[in-house]
Amino acid sequence: MSDIYLALVHSPVYNKNMETVATSITNLDLHDIARCCTTYGVKRYYVVHPAEAQRHLAKRIMGFWQEGYGAEYNPDRQEAFSRVTIANNLQAVYADIEGEHGAAPVKVATDARKYKNTVTYAQLREEIDTSETPILLLFGTGWGLLKEDVEAMDRILEPIYGPTEYNHLSVRSAVSIILDRLRGH
């Protein structure tokens, strides 16, 4: 079975006007995605941001729950945050995973838009269950990863569809649904 990794990318991503931007790290994304990753056995959750001030903020938030009063008050958060790594770019993420496994991860982009070379949840779940190669799921904040970045990935996971035309989930919701489809019982 493949080890699964997850990267939450804050830059470069689109804003609602499809302009390339950097988004802010949020407290909820740190907490909720870390807890989801721990629940579904994700080996490491990378929070990727190029701005040192944003990375420092994330470390301060996590530090509260990993040391002192916060760690005593809620040890579950301490456990969830033990899987989180703050990175300044995706190249550092790729190098970290490759250094651990001796092989590059299969990079899987997620997006609310459909691409012609999309894989289904069943196909990716099968690959996870039968391969030893690590899998890196990439999620974009804002309005998603840049089109050219998505197209450069090894796989593109199909969008999440509900019964309506509306398709704009929070990244926290998308992570939860996707991990459940790939690792849930």
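Our structure's up above, just so we're on the same page.
Calculation rules
Residues numbered from 1 in each chain as written. Predicted model: local features only at pLDDT ≥ 70, side-chain atom pairs only at ≥ 80, totals over all residues. Heavy atoms only, no water. Helix = DSSP H or I, 4+ residues; strand = E, 2+ residues; numbered from the N terminus. Rg over C-alpha atoms; globule rule 2.2 N^0.38 Å. Buried < 20%, exposed > 50% of the residue type's maximum accessible area, 1.4 Å probe, protein only. Pairing = 2+ DSSP bridges. Contact = heavy atoms within 4.5 Å. Axes fitted to C-alpha atoms, helices over the stretch in contact; angles between N-to-C directions.

## A short note on the overall build of the protein
- When helices and strands are counted, the protein shows 8 helices and 9 strands.
- Relative to its length of 185 residues, the protein is compact, with a C-alpha radius of gyration of 16 Å against a globular reference of 16 Å.
- Judged by the C-alpha coordinates and their principal axes, the protein covers about 50 × 40 × 35 Å.
- Residues counted as buried form 48% of the 185 residues belonging to the protein.

## Observations concerning the pairing of strand β1 (residues 4-9)
- By the criterion of burial, β1 is predominantly enclosed, with 6 of the 6 residues buried.
- Burial of the side chains of β1 extends over both faces: I4, L6 and L8 are buried on one face and Y5, A7 and V9 on the other.
- As paired elements, β1 and strand β8 (residues 135-140) share 6 bridges and run parallel to each other. Following the sheet pairing, A7 is matched in β8 by L138.
- Sheet analysis places β1 next to strand β4 (residues 44-48), joined by 5 bridges and oriented parallel.

## Topic: the sheet that holds β4
- One open sheet holds the 7 strands; their spatial order is β5-β4-β1-β8-β6-β9-β7, and the pairing between them is parallel. A single partner strand is all that each edge strand has here, and the edge strands are β5 (84-87) and β7 (118-119).
- By the bridge criterion, 4 bridges tie β4 to β5 in an arrangement that is parallel. By the bridge assignment, Y45 is partnered in β5 with V84.
- Across the sheet, helix α1 (residues 27-39) touches β1, β4 and β5, and the angle it forms with β4 is around 155°.

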